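Observations on chain architecture
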Amino acid sequence: SGAKLTWKLIRAISGYMTSDDAVDHLDLAKQRLVIAIKTHYPARGSNDPVFQPYADVPRSVLLIRNPMNAIPSFHSFLYEQSIGATGHSMRAPVDKWIEWRDRHFEQEIQYWLDHIMFWMEHHPFEDRFILPYEYLIRPGAGPTELRRLHSFLEDNIEGIAEMRTPIQKV
């Protein structure tokens, strides 16, 4: 939840392209010509073969959303897919949410925790940036978080800046 927003914000604050592990536009991520690569690894929708080319990326931004908000948002995403609706266009009906939540709650919390733990262990403190989604969208806090994120992205960038692909004007 919030991954695509963060991806677009990174493009906006850096002026450079981002990409995705599953849909790598023009193979920019594989060529390391982007400032950030979005992944949901190790969560559903990603897997070892998809993630493997990027496992050695030296730094990470971990977007964390409160599971009280992330899990219902994920269920709405699943619901939209099941009825062929556009993503992020609606919320699942409450009765569908309650039924799904009661069947899947423990597993979803475990998926959420496994994702957090993977990224906390994948990079040491100095090479990871934790971005709380709720801070990002909070009035007054969002700009501060974006400045912190920009500093993290630009830190130690000498020597690879020329490899990044500037966003093309559309």
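Once that is clear, we can look at the overall build of the protein chain. Helix and strand content of the protein chain: six helices and four strands. Each helix and strand of the protein chain, ordered N terminal to C terminal, gives the series α-β-β-α-β-α-α-β-α-α. Along the three orthogonal principal directions, the C-alpha set of the protein chain runs to about 55 × 40 × 35 Å. Taking all 170 residues of the protein chain together, 35% fall into the buried category. In the protein chain, 63% of the contacts between residues at least 6 apart in sequence involve partners at least 24 apart. When the accessible area of the protein chain is evaluated, it comes to approximately 10700 Å², of which 57% is carbon and sulfur surface. The distance from the centre of the 19 positive side-chain charges to the centre of the 22 negative ones in the protein chain is 7 Å.

One way to put it is that helix 3 (residues 67–83) packs onto helix 4 (residues 94–122) with a least axis distance of 10 Å and a crossing angle of 120°. It follows that helix 3 is oblique to helix 4 by the angle criterion. For the element pair helix 3 and helix 4, the recorded crossing hand is right-handed. From helix 3, P67, I71, P72, F74, H75, L78 and Y79 reach across to helix 4, where they touch K96, W97, W100, E108, I109 and W112.

Quick look at the packing of aromatic side chains now. Evaluation of the coordinates by the stated rule reveals nine aromatic pairs. Linked through ring pairs, Y41, F51, F118 and W119 together constitute an aromatic cluster. Over the ring of W7 we find R11, and its NZ or CZ is 4.6 Å from the ring centre.

With that settled, consider the nonpolar core. The biggest cluster of nonpolar side chains holds 12 residues, and these are I10, I35, A36, L63, F129, L131, Y133, L136, L146, L149, F152 and L153. At the level of secondary structure, the elements contributing two or more residues to this core comprise strand 4 (128–132), helix 5 (133–136) and helix 6 (142–154). Among the elements that make up this core, the one with the highest residue count is helix 6 (four residues).

Turning our eyes to something else, we now look at the packing of helix 1 (residues 3–14) against helix 6. At a minimum axis distance of 10 Å, the contact between helix 1 and helix 6 shows a crossing angle of 70°. The pairing of helix 1 with helix 6 is recorded here as roughly perpendicular in orientation. Listed contacts from helix 6 to L9, I10, I13 and S14 of helix 1 are L146, L149, H150, L153 and E154. Here the contact of helix 1 with helix 6 is composed, by residue class, of six nonpolar, two polar and one charged.

The rules behind each value
- Residues numbered from 1 in each chain as written.
- Predicted model: local features only at pLDDT ≥ 70, side-chain atom pairs only at ≥ 80, totals over all residues.
- Heavy atoms only, no water.
- Helix = DSSP H or I, 4+ residues; strand = E, 2+ residues; numbered from the N terminus.
- Buried < 20%, exposed > 50% of the residue type's maximum accessible area, 1.4 Å probe, protein only.
- Contact = heavy atoms within 4.5 Å.
- Areas by Shrake-Rupley, 256 points an atom, 1.4 Å probe, with all protein chains shown as cover.
- Lys, Arg positive; Asp, Glu negative; His and termini not counted.
- Charge placed at Lys NZ, Arg CZ, Asp CG, Glu CD.
- Axes fitted to C-alpha atoms, helices over the stretch in contact; angles between N-to-C directions.
- Parallel < 35°, antiparallel > 145°, perpendicular 65-115°, else oblique.
- Left-handed = near helix turned anticlockwise from the far one by under 90°.
- Phe/Tyr/Trp six-rings, centres within 6.5 Å; stacked < 30°, edge-to-face > 60°.
- Lys NZ or Arg CZ within 6 Å of the ring centre and 35° of its normal.
- Core = buried A, V, L, I, M, F, W, Y, C linked by side-chain atoms within 4.5 Å.
- Nonpolar A, V, L, I, M, F, W, Y, C, P; charged D, E, K, R; others polar.

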